[in-house]
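Inside the fold
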Amino acid sequence: MPEKRHVRIGYVPLTDSLPLVVARELGFFSDEGIEVDLQRETSWATLRDRVMVGQLDCAQMLAPMLLSASLGLCGIRKQMVTAWSLGLNGNAITVSQNLFKGLATLADEHTPLGAVRALKVVIESRRRNAQPQLVLAIVFPFSCQAYLLRHWLSVGGIDPDKDVKIVVLPPSQMVEHLRLGNIDGCCVGEPWNSVAALTGVGHCIVSGYEIWQNAPEKVLGMSAEWVAHHPQTLNGLLRALHRAGRYVDENRNEAVNMLTEGHYIELPAELVNVSLNGRLMGGLSGNKPFPADHFHVFSRYQANFPWRSHAAVLLGQMQRWGSLQGDNLGPIAAQCYRTDLYRSAMSGMTSMPVEDVKQEGVHPNPWSLPGNPESVEMGSDLMIGGNIYLP
Amino acid sequence: MLLALSRYESIWSAGVQPEHELSTADLSQDTQSKDKVPRVMLVDDQPARAAILERALTDAGYLVIARLPSAAGLLAQVGQLNPDVIIVDMDSPDRDTLEHMALLQRDLPRPVVMFAGSEDEETMARAIHAGVSAYVVDGLQPSRVKAIVNVAITRFREYQALRDELEKTRCQLADRRVIEKAKGVLMGRRQLTEEQAYQMLRRTAMDRGQRLVEVAKNLITFSDLLEGQ
């Protein structure tokens, strides 16, 4: 029996809110004896603060934001945990039409590497001509978007702290600022890349998958204190989300209708389902489709397992970009990524990996891991620039 | 959320070290800043609430240097106006921009450091519940920060109570209009007096265990359907 029958979950309207919406709309939460209120938030900071003071029970969180809150890197320090990843991938880099034309002309090859090399040429030319720096937007200082963008830039020899100006904007304002010319590009989650592309405002040049294949993104985050008082409620939520994730992977259009018709997001379904169906076109050639199974993974490839190696890579990024000192990051990953809670909730429901960590950046193709009761299928995990993480 | 915008401390930041070393001139300015009247900037998309808060803060002896509907252009404003405290509506979509700004030294000479202590945590929780978030310059006396945030909490709560009251009144007025219309329908169709029509609605509501306004709404819908035929 859940300790709490009425649970408030915060979310920011995005394509990766789908599992939460589906679990509510199809009654998966109700089946667990839990009524869920999905509370829309306009800023990640407010969503985080509301979870910290208990105004929200839990929320769809940016994985690095959960880590930074636990470390007290911004605002108040409070131990936050996750036992559930809401999916993999879902981000992309979109640039203004002007910048796109420049990159497409300058690029030696139409690849993510070619694109960033061309970007470096643009940056150097602007510097020589005393033009202002390019402005690139992310959604939050501690976000996968920040690290995907920074990593991609650095692979092209661009210093994200010196060669460009990085600003933070809410996802829903990205397209408008791109249209107004306030920013030259952004790294943002779906559907905002699709919205920019379909309205002709911007051009999606690189998907998150092309920077880190099957990268972590949102997690269901909550305080350690909340989990301690509501273990059964958490189990119920995770069981419902497990069913929802499977449903979304198989029934993308139906899931999108729930998101749009239920007014969880104020956009038409035709815009939201573009990348979910592999119809988002982009790249430097301008007409490369981004495959659906690269853009969003909600359940398969152990998408919901809170890999401590994901946490470790993200902590490594925080360290790399100067937000975090010290090198004993293992215990932090373990405190925040509660694989034990995932295991107890999913026991008997699905096969799960034996280990809590995996190698990152070494598998170019799907592979399999020893699991319990059966081995589990994993997705590719290469990183651009050949970076690897070995536990 | 209480964050302190520190002028001189760089416990950590987005990998950027302070561009200039701490000088004694800076230090003396810091000492002064503890005694001067804090300069407050308000970011709120509800002008009425911001105006109420501005008056309250001014009355309490603080200096409100700017009132902005949104954080657009905030970087420039903060640079020019040098606020000690920024009060932001929790529902402002610009909070993430502010959080980032607080971490950057390149755009802002004053990085943000955490402003926390058990006492402040309690203030923070009350602030969040009232819908207030605040960014605070480090070096300001904690008691002063608390006083300013408390004024904001009180005013935000009062404003919310006013709005709730207004909403309630609006609903009551709308209900009354629906009931009047339903009475009119009954009077016309059944040749009842106004009092008889009202009693009939009331009895139906009691029999069905419904609110009077629900019965009235149903009756109007039903009569519209009949008219349509």
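Just above sits the structure.
A brief look at the structure comes next. Source: prediction; values computed, not measured. Note on numbering: residues in each chain are counted from 1, in written sequence order. All chains are assigned letters beginning with A, and all ligands numbers beginning with 1, in the order in which they are written. Local features are withheld for residues below a pLDDT of 70 in this predicted model, meaning they are given only at 70 or higher, and side-chain atom pairs are given and counted only at 80 or more; totals for whole chains, interfaces and linings count all residues. As a rule here, side-chain values cover all heavy atoms of the structure and leave hydrogens and water aside.

Regarding its fold elements, chain B presents eight helices and six strands. Each helix is a run of DSSP H or I of at least 4 residues and each strand a run of E of at least 2, with the numbering of both proceeding from the N terminus. Secondary structure of chain B in N-to-C order comes out as β-α-β-α-β-α-β-α-β-α-β-α-α-α. We call a residue buried when its accessible area falls under 20% of the maximum for its residue type, exposed when it is over 50%, and partly exposed in between, using a 1.4 Å probe and counting protein chains only. In chain B, which comprises 229 residues, the proportion classed as buried is 41%. Contacts are assigned to residue pairs that have any heavy atoms within 4.5 Å of one another. A fraction of 75% describes how many contacts in chain B between residues 6 or more apart in sequence connect residues 24 or more apart. Using a 1.4 Å probe, the Shrake-Rupley method yields the accessible areas, and only the shown protein chains count as cover for residues. Surface summary for chain B: the accessible area is close to 12,100 Å², and the carbon and sulfur share equals 52%.

In this section: the sheet that holds strand 1 (residues 6-11) of chain A. Residue and element names in this part refer to chain A. A pair of strands is considered paired only if DSSP assigns at least 2 bridges between the two. Taken in spatial order, the five strands line up as 2-1-3-11-4 in an open sheet, and their pairing is mixed. If you trace the sheet from one side to the other, it starts and ends with strand 2 (35-40) and strand 4 (80-85), each paired once. In this sheet, neighbouring strand axes are inclined to one another by 35° on average, regardless of whether the strands run parallel or antiparallel. Where strand 1 lies against strand 3 (residues 58-62), two bridges are found, and the strand directions are parallel. What sits directly across from Ile 9, in strand 3, is Cys 58. Every axis corresponds to a line fitted to the C-alpha atoms, with the helix fit spanning only the stretch in contact, and the corresponding angles, defined between N-to-C directions, vary from 0 to 180 degrees.

This next bit is on helix 13 (residues 252-261) of chain A. An α-helix turns once per 3.6 residues; consequently, residues spaced three or four apart project the same way. Every buried residue of helix 13 of chain A is listed here: Arg 252, Ala 255, Val 256, Met 258, Leu 259 and Thr 260 of chain A. Those residues of helix 13 of chain A that are buried are in contact with helix 1 (18-25), helix 12 (231-250), helix 14 (269-276), helix 15 (292-295) and strand 14 (296-297) of chain A.

Residues and elements named next belong to chain A. The buried fraction of strand 10 (residues 202-207) amounts to six of the six residues, a majority that puts the element mostly inside the structure. Relative to strand 10, strand 6 (residues 91-96) runs antiparallel, the two sharing five bridges. The residue of strand 10 that forms the bridge with Ser 96 is Gly 202.

The next point concerns the interface of chain A and chain B. Contact with chain A, which involves 36 residues of that partner, is made by 29 residues of chain B. Buried area adds together the accessible area that both of two parts lose upon being put together, with accessible area traced by a 1.4 Å probe. A buried area of about 2,600 Å², summed over both sides, lies between chain A and chain B, and 55% of it is on carbon and sulfur atoms. Put simply, a salt bridge is a Lys or Arg side-chain nitrogen that is within 4 Å of an Asp or Glu carboxyl oxygen. Between the two partners, chain A and chain B, sit three salt bridges. Of all the elements in the fold, those that place two or more residues in the side of chain A that touches chain B are helix 3 (44-52) and strand 8 (165-168) of chain A. A per-element tally of the side of chain A that touches chain B places helix 3 of chain A first, with six residues. Note that Gly is not counted as nonpolar here; it falls among the polar residues with everything else outside the nonpolar set of Ala, Val, Leu, Ile, Met, Phe, Trp, Tyr, Cys and Pro and the charged set of Asp, Glu, Lys and Arg. By residue class, the composition of the side of chain A that touches chain B is 17 nonpolar, eleven polar and eight charged.

Once that is clear, we can look at the nonpolar core. To form a nonpolar core, buried Ala, Val, Leu, Ile, Met, Phe, Trp, Tyr and Cys residues must be joined to one another through side-chain atoms within 4.5 Å. Counting residues in hydrophobic clusters, the biggest one holds 143 residues, and the most contacted among them are Ile 9 and Trp 152 of chain A. For Ile 9 of chain A, the contacting residues outside a window of four places in its chain are Leu 20, Phe 29, Val 36, Asp 37, Leu 38, Gln 39, Leu 56, Cys 58, Ala 59, Leu 220 and Leu 237 of chain A. Among the nonpolar cores identified, the runner-up in size contains 22 residues, and Ala 56, Val 132, Leu 140 and Val 151 of chain B belong to it.

Only residues above 30% relative accessible area that lack a salt bridge enter a patch, with like-charged residues linked at up to 9 Å and the nonpolar side chains Val, Leu, Ile, Met, Phe, Trp and Tyr linked at up to 5 Å. Among the surface-exposed residues, Phe 222, Leu 225 and Leu 226 of chain B lie close enough to one another that they form a single nonpolar patch of about 310 Å² accessible area. Owing to a relative accessible area of 54%, Phe 222 of chain B belongs among the exposed residues under this scheme.

A word on the pattern of salt bridges. Scanning the entire structure with this criterion turns up 37 salt bridges over all chains. Residues Glu 41 of chain A and Arg 50 of chain A are paired through a salt bridge, measuring 2.9 Å at the closest nitrogen-oxygen approach. Considered together, Glu 41 of chain A and Arg 50 of chain A belong to a single accessibility category, that of buried residues. Overlapping salt bridges, with partners in common, bring together Arg 48 and Asp 49 of chain A together with Arg 95 and Glu 99 of chain B in one network.

Attention shifts here to the sheet that holds strand 6 of chain A. Residue and element names in this part refer to chain A. Strand order in the open sheet made by the five strands is 8-7-9-6-10, with mixed pairing throughout. For this open sheet the edge positions go to strand 8 and strand 10, each flanked by a neighbour on one side alone. Here the average twist between neighbouring strands, direction ignored, is 30°. Relative to strand 9 (residues 185-189), strand 6 runs antiparallel, the two being bridged by five bridges. Across the sheet, Ile 93 pairs through a bridge with Cys 187, a residue of strand 9.

With that settled, the discussion passes to the packing of aromatic side chains. Two descriptors summarise a pair of aromatic rings, namely the distance from one centre to the other and the angle between the planes of the rings. Residues and elements named next belong to chain A. Only the six-membered ring of Trp is used, alongside the rings of Phe and Tyr, when aromatic pairs are assigned; centres must lie within 6.5 Å, and planes under 30 degrees apart are stacked while those over 60 apart are edge-to-face, with the rest tilted. Counting across every chain of the model gives five aromatic pairs over all chains. Ring geometry for Phe 305 versus Tyr 342: centroids 4.9 Å apart, planes at 80°, classification edge-to-face. Separated by 37 residues along the polypeptide, Phe 305 in the loop between strand 14 and helix 16 (308-320) and Tyr 342 in helix 18 (residues 339-346) bring together distant segments of the chain. The buried category is assigned to Phe 305, whose relative accessible area is 1%.

On to the pairing of strand 2 (residues 39-43) of chain B. Residues and elements named next belong to chain B. Counting buried residues in strand 2 gives four out of five residues, a clear majority hidden from the surface. Bridge analysis of strand 2 against strand 3 (residues 63-68) gives five bridges, and the strand direction is parallel. Each residue of the ladder has a partner; that of Met 41, found in strand 3, is Ala 66. If you view a crossover with the strands going away from you and the path from the first strand over the helix to the second runs clockwise, you call it right-handed. Running through helix 2 (residues 47-59), the crossover from strand 2 to the neighbouring parallel element strand 3 is right-handed. Across four bridges, strand 2 lies against strand 4 (residues 85-89) in parallel orientation. Bridging across to strand 4, Val 43 finds its partner in Val 88.

Helix-helix packing is described using two parameters, namely the angle between the two axes and the distance between the axes. Residues and elements named next belong to chain A. Two elements in contact, helix 4 (residues 63-71) and helix 16, have axes whose closest approach is 10 Å; the angle formed by their N-to-C orientations is 70°. Considered as vectors, helix 4 and helix 16 are oriented roughly perpendicular to each other. For the element pair helix 4 and helix 16, the recorded crossing hand is right-handed. Contact residues: helix 4 offers Ala 63, Pro 64, Leu 67, Ser 68 and Leu 71, while helix 16 offers Ala 311, Leu 314, Leu 315 and Met 318. Across the contact of helix 4 with helix 16, the residue classes break down as eight nonpolar, one polar and no charged. The labels follow the angle: roughly parallel below 35 degrees, roughly antiparallel above 145, roughly perpendicular from 65 to 115, and oblique for the rest. Here a crossing is taken to be left-handed if its near helix is turned anticlockwise relative to the far helix by less than a right angle, and right-handed if that turn runs clockwise.

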